[in-house]
Amino acid sequence: MRSQSGFTLLELLVVLAILGLLAAIAAPQVMKHLGGARSDAARIQIQNLAAILDLYRLETGRYPSEQEGLVALVERPAGETAWSGPYLRRRDALSDPWGRPYLYRLPGRHGAFDIFTLGADNREGGDGENRDVASW
């Protein structure tokens, strides 16, 4: 007689249960770091946009109006003769890590201009991944 080797159904169920428990414990930790990474990326992108806006002002003598928006960093605004852009290579650099355009306010409430995103929930306030990220 040959002996058959393999796993029993009970052994397989125990292994699946252990894997399920590990996934349930690890998944929230991974998601926490992912949310933090997006917020960190937004903060860095906002700092870069602020520096580019300062360069735009040095060359044109003014910041883009609210109507022109941040698009003025990619496309020449109508009637702007001192524009020597594009200041950004890609238009998608004007979008936050959640795929929405950065918000721009001129004059700013916290400085010469404000650049901000409302986070993952697209609402003011919040914490974690839902917190607002701003230039001030």
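Here the structure is a predicted model, which is why all the values come from computation and not from measurement.

## What to know about the side chain of aspartate 114
Tracing the backbone through its elements, the reader meets aspartate 114 in strand 2 (residues 114-117). One polar contact links the side chain of aspartate 114 to the main-chain amide nitrogen of histidine 110, over a distance of 3.3 Å.

## Considering unusual backbone geometry
A cis geometry characterises the amide bond from glycine 85 onward to proline 86, with omega recorded as 10°. The topology assignment puts proline 86 in the loop between helix 1 (9-60) and strand 1 (103-105). Between leucine 106 and proline 107 the backbone carries a cis peptide bond, its omega angle lying at -5°. Positive phi, normally seen in glycine, also occurs at asparagine 122, with a value near 55°. Tracing the sequence through the fold places asparagine 122 in the loop between strand 2 and strand 3 (133-134). Its relative accessible area of 41% is what places asparagine 122 among the partly exposed residues.

## Focus on the pattern of salt bridges
Pairing between side chains of opposite charge can happen when their charged atoms approach one another. Throughout the structure, instances matching the rule amount to eight salt bridges. For arginine 123, the salt bridge identified is with aspartate 121, shortest N-O distance 3.9 Å. Owing to a relative accessible area of 55%, arginine 123 belongs among the exposed residues under this scheme. The network of salt bridges with common partners includes Arg62, Glu68 and Glu80.

## Quick word on the sheet that holds strand 2
Strand order in the open sheet made by the three strands is 1-2-3, with antiparallel pairing throughout. Here the strands that pair on one side only, and so sit at the sheet edges, are strand 1 and strand 3. With three bridges joining them, strand 1 and strand 2 adopt antiparallel strand pairing. Bridged to arginine 105 within strand 2 is aspartate 114.

## Quick look at the pairing of strand 2
Neither face of strand 2 is exposed, since Asp114 and Phe116 on one face and Ile115 and Thr117 on the opposite face are all buried. Pairing between strand 2 and strand 3: two bridges, direction antiparallel. Bridging across to strand 3, threonine 117 finds its partner in valine 133.

Definitions and limits used
- Residues numbered from 1 in each chain as written.
- Predicted model: local features only at pLDDT ≥ 70, side-chain atom pairs only at ≥ 80, totals over all residues.
- Heavy atoms only, no water.
- Helix = DSSP H or I, 4+ residues; strand = E, 2+ residues; numbered from the N terminus.
- Polar contact = N/O pair within 3.5 Å; in protein donor to acceptor, adjacent residues only side chain to side chain.
- Buried < 20%, exposed > 50% of the residue type's maximum accessible area, 1.4 Å probe, protein only.
- Salt bridge = Lys/Arg side-chain N within 4 Å of Asp/Glu carboxyl O.
- Pairing = 2+ DSSP bridges.

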